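# Structural features, examined
Here are the chains, one letter per residue:
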Amino acid sequence: MKKYGLPIMIMVIIVLLFLLVDWISSIRVGSYNVEEANRNIMIDLEPKNVPLNREGKSQPDTESNRIVYLTFDDGPSPVSNDILDTLKTFDAKATFFMLDPAMRVNPDVVKRTVMEGHAVGLHGVTHDKNKFYQSELAALSEMKTAQETLLRITGVTTHLIRTPYGSVPYLTESFRDVLNHNGFRLWDWNVDSSDWNLMEDEYVQQVISQIEELDKYGITPIILMHDQDGTAHHLSTLLAYLKEHGYKTGVIDEHMESYSFNCYDRCYPVDEE
Ligand SMILES: [Zn+2]
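Here's a quick rundown of the structure.

### Here's the deal with the overall build of the protein
Each helix and strand in the protein was counted, giving nine helices and eight strands. Sequence separation of 24 or more characterises 79% of the internal contacts of the protein that already satisfy a separation of 6 or more.

Spelled out as structure tokens, the structure:
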């Protein structure tokens, strides 16, 4: 037995070394997973509600029934017609958050938007943060004014709203309460195209990379875009991508659980700036 002692000891040491290497690499993998999980949590923490897919399931959609919500702010304008044309070509639907004065100037565009099966929400009147967020009553009355204008033009009443520049930081809890008690449904976004400050088609890649990130977690994209020339010009590139990747476009409706940013400790009154 004694003559086998040394080889056995060497074998035991080799096995122990293997186990040690395995343990160290599992720690590395472990820390990577923790990072991934943290990123997941960050995405989950940001919105108040994670939108569900069409069947009301929270698990990731399969390739064929993935939904995306396209939203366009600050219209309508003559450019909306180009956007509507492109949407029609791709058999896609969108939600338009419209400004009151723009609806008054372009009533035919508003009618066409509704006629073609898109959703219309409200974006207020002034689009001036110092006016809209001046008081709860100011915000409420801007939304009610826009609501009446849409009703007068189309016969449609909507409670869907998106506040100017999004709900963070100026839409404090008291504003949210007032809008909520008046039946309005607040919508922010989880994909920011930055189309207002990017050159021409750059926003498309911006959107695609954010969609791909959300897709890892099965989160339904709600894309913020604007009613403007550059966005309209390159919309077909984005729609082609969505089609190719099995996304269907949905319209936001009032009965869906709305999606808005949480204030956490980020909201403050506009006059404290
Ligand atoms: Zn806006």
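### With respect to the nonpolar core
Within the largest apolar cluster, 55 residues are counted, with the highest numbers of intra-cluster contacts made by M98, L122, I161 and I223. Ranked by residue count, the leading element in this core is helix α9 (residues 229–244), at five residues.

### Some details on unusual backbone geometry
Between G75 and the following residue, P76, the backbone shows a cis peptide bond with an omega angle of 0 degrees. Residue placement: P76 occurs in the loop between β1 (66–75) and α2 (78–89). One non-glycine residue, H127, lies in the positive phi region at around 55 degrees. Within the secondary structure, H127 is located in the loop between β3 (119–122) and α5 (129–132). For H127, a count of 18 C-beta atoms within 10 Å gives the class partly exposed. Not every positive phi belongs to a glycine, and E200 is a case in point at roughly 40 degrees. Here E200 shows up in the loop between β6 (191–192) and α8 (202–215).

### Points about the packing of α2 against helix α4 (residues 107–115)
Packing of α2 against α4 brings their axes to within 9 Å, and their N-to-C directions diverge by 20 degrees. The pairing of α2 with α4 is recorded here as roughly parallel in orientation. In this structure, the crossing between α2 and α4 has a hand that is left-handed. Along its contact with α2, which presents S80, N81 and L84, the element α4 presents V109, R112 and T113. When its residues are assigned to classes, the contact of α2 with α4 shows two nonpolar, three polar and one charged.

What counts and what doesn't
Residues numbered from 1 in each chain as written. Predicted model: local features only at pLDDT ≥ 70, side-chain atom pairs only at ≥ 80, totals over all residues. Helix = DSSP H or I, 4+ residues; strand = E, 2+ residues; numbered from the N terminus. Contact = placed C-beta atoms within 7 Å. Core = buried A, V, L, I, M, F, W, Y, C linked by C-beta atoms within 7 Å. Buried ≥ 20, exposed ≤ 12 C-beta atoms within 10 Å, placed from the backbone. Axes fitted to C-alpha atoms, helices over the stretch in contact; angles between N-to-C directions. Parallel < 35°, antiparallel > 145°, perpendicular 65-115°, else oblique. Left-handed = near helix turned anticlockwise from the far one by under 90°. Nonpolar A, V, L, I, M, F, W, Y, C, P; charged D, E, K, R; others polar.

From the geometry alone we can't say anything about function, so treat these as descriptive.
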